[in-house]
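So you can see what is in the structure, the chains are spelled out below.
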Amino acid sequence: MYQDNTDKYHEEFVSKLQSLYGKFDSTKKKFESTSNSKIARDLCYSDSQFSRLINNTASEGEFKRALRNVNRLLNETSLQKKSRLSQKGGGIYFKKVWIYLTIIILLGIFGVLIFQYLSEDEKALNSTAATSRYDMLQWSFENNYIQPYIKLKDLPADCNFQCYKYQGKWVLKNEYKIPFFRERNGFHYVAKEAVMYSSCIEGNNESGKLFEGYEYQKHEIWYDKREFAIDSFLVADDKSRIRNSYNQSDFSSNENFVKIAYVHTFFRNEFALDNNMVFRNGKAIGRDIEFLPNEKLKEKIESQALISDLKTEINSIARNRLEDFSKPIDCQPAEVPNINFNYIEKGDELRFNCQFTTGRFLVDYDKTFVLEEQYINNICR
């Protein structure tokens, strides 16, 4: 006879979390020292998944998986305590090795998740799965156990380590649009969202002028039913420049445009500081196409045959044209937000003028990052 063990697993789950996050209030379903949202991120869960666990409405299988995650956190905590003890006598070498290994492991996990979700059929990912991809990146940089940033105590005595003020969370300031050059006209790429976590590069960075950024991008592919040629959206006497009217347009309010798919990308940026300029390079590590449901597409496109053709074209774009975004990017350097790097602060911007290759066209686009959350807001003294 089947026996439900969820009560037992729930009790064990709460008990182990209390050893990490303090006393549990069974009435409010909260822990005394940490919010439920923060604990959910530490466990790599969404808020709704954690809510089921903490309210004892999850399945037995969910509790078993959750207990494995809690045991992992307990092991990491134990290892970190040992690491701190070893540092007292032997410096920070072990800590740096631990951070490197952890970042490699997390990137490996993220890469597996990205390609695990690759799909070219109608059963593409739902929004919850899409969100989980960003959650993995967020969890990698915003948890209690691993924060891969250079800290004030790690800086040289003269504080001459420019990248320390660039560490933190950056977001895309403005969306940008790019028309695709294809055998069939009508496809458009819209860069909607990007979140990047940046940190100083450790090793071979004695001058402190190098930092890296791990970036999640959620962009869109639209189809113009009129199938206007790419030239229609470029400046007549300069085919590399997009018309302002095109960049400022709103596809969602134009009945001729149909959103076909989302593009999810994991991107690694490399930055170098030199002569008050910031040089940017990098390439995509993982990418996925998420088609909108067929029912949604049929509201705008009546022909099922056309929908199938468009999906075939978009899959081809993802494999071929979008590979240009996987190659080292071609961007002009940005000006530093402040000549005195110690005074770089939340709200500062990095603006890069870049080029995207689509067929025989080189199309200019502007990508601007805004520093939303700065890891070190104090000035090194």
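Residues numbered from 1 in each chain as written. Predicted model: local features only at pLDDT ≥ 70, side-chain atom pairs only at ≥ 80, totals over all residues. Heavy atoms only, no water.

1. Observations regarding the nonpolar core
As a rule of thumb, nonpolar side chains are buried together in soluble globular proteins. The biggest cluster of nonpolar side chains holds 63 residues, and the ones touching the most others in it are Tyr166, Phe187, Ile260, Val278 and Phe352. Of all the elements, strand S9 (residues 257-274) adds the most residues to this core, at 8 residues. With residues near it in sequence (within four places) discarded, Phe352 still touches Phe271, Val278, Arg280, Cys331, Gln332, Pro333, Ala334, Tyr365, Asp366, Lys367 and Phe369. (Core = buried A, V, L, I, M, F, W, Y, C linked by side-chain atoms within 4.5 Å. Buried < 20%, exposed > 50% of the residue type's maximum accessible area, 1.4 Å probe, protein only. Helix = DSSP H or I, 4+ residues; strand = E, 2+ residues; numbered from the N terminus. Contact = heavy atoms within 4.5 Å.)

2. Concerning the environment of Phe267
Structurally, the position occupied by Phe267 is in strand S9. Along the primary structure Phe267 and Gly282 are separated by 15 residues, whereas in three dimensions their C-alpha atoms are 7.3 Å apart.

3. Description of the packing of aromatic side chains
Per the stated rule, a full pass over the model turns up 22 aromatic pairs. Between Tyr149 and Tyr375, the aromatic rings sit 4.3 Å apart at their centres with planes inclined by 20°, giving stacked as the arrangement. You can see Tyr149 sitting in the loop between helix H6 (127-141) and strand S3 (168-172) and its partner Tyr375 sitting in the segment after strand S14 (361-374), a full 226 residues away along the chain. Where Tyr164 meets Phe341, the ring centres are 6.2 Å apart and the plane angle is 90°; that geometry is what we call edge-to-face. (Phe/Tyr/Trp six-rings, centres within 6.5 Å; stacked < 30°, edge-to-face > 60°.)

4. As for the side chain of Ser199
Positionally, Ser199 belongs in strand S5 (residues 187-200). Only 3.3 Å separates the side chain of Ser199 from the backbone oxygen of Pro148, close enough to count as a polar contact. (Polar contact = N/O pair within 3.5 Å; in protein donor to acceptor, adjacent residues only side chain to side chain.)

5. Thoughts on helix H1 (residues 6-21)
Here H1 is 16 residues long and its end C-alpha atoms lie 22 Å apart, about the 22 Å a rise of 1.5 Å per residue gives. Inspection of H1 places Thr6, Tyr9, His10, Phe13, Val14, Leu17, Leu20 and Tyr21 among the buried residues, and these make up the whole buried set. Viewed end-on, H1 has its buried residues packed into an arc of 130°, placing them on one side of the element. Among the exposed residues of H1, those pointing more than 90 degrees away from its buried face are Asp7, Glu11 and Ser19. Trailing H1 by a residue or two, Gly22 shows a phi angle of about 90°, which is positive. (Expected span 1.5 Å × (residues − 1). Arc of directions from axis to C-beta.)

6. Observations concerning the packing of H1 against helix H3 (residues 47-54)
Viewed as axis vectors pointing N to C, H1 and H3 meet at an angle of 115°, and their least axial separation amounts to 9 Å. In this view, H1 runs roughly perpendicular relative to H3, as classed from their interaxial angle. Counting all contacts with H1, which are made through His10, Phe13, Val14 and Leu17, the residues of H3 involved are Phe50, Leu53 and Ile54. Of the residues contributing to the contact of H1 with H3, the split by class is 6 nonpolar, 1 polar and no charged. (Axes fitted to C-alpha atoms, helices over the stretch in contact; angles between N-to-C directions. Parallel < 35°, antiparallel > 145°, perpendicular 65-115°, else oblique. Nonpolar A, V, L, I, M, F, W, Y, C, P; charged D, E, K, R; others polar.)

Purely geometric stuff here, so don't read any function into it on its own.
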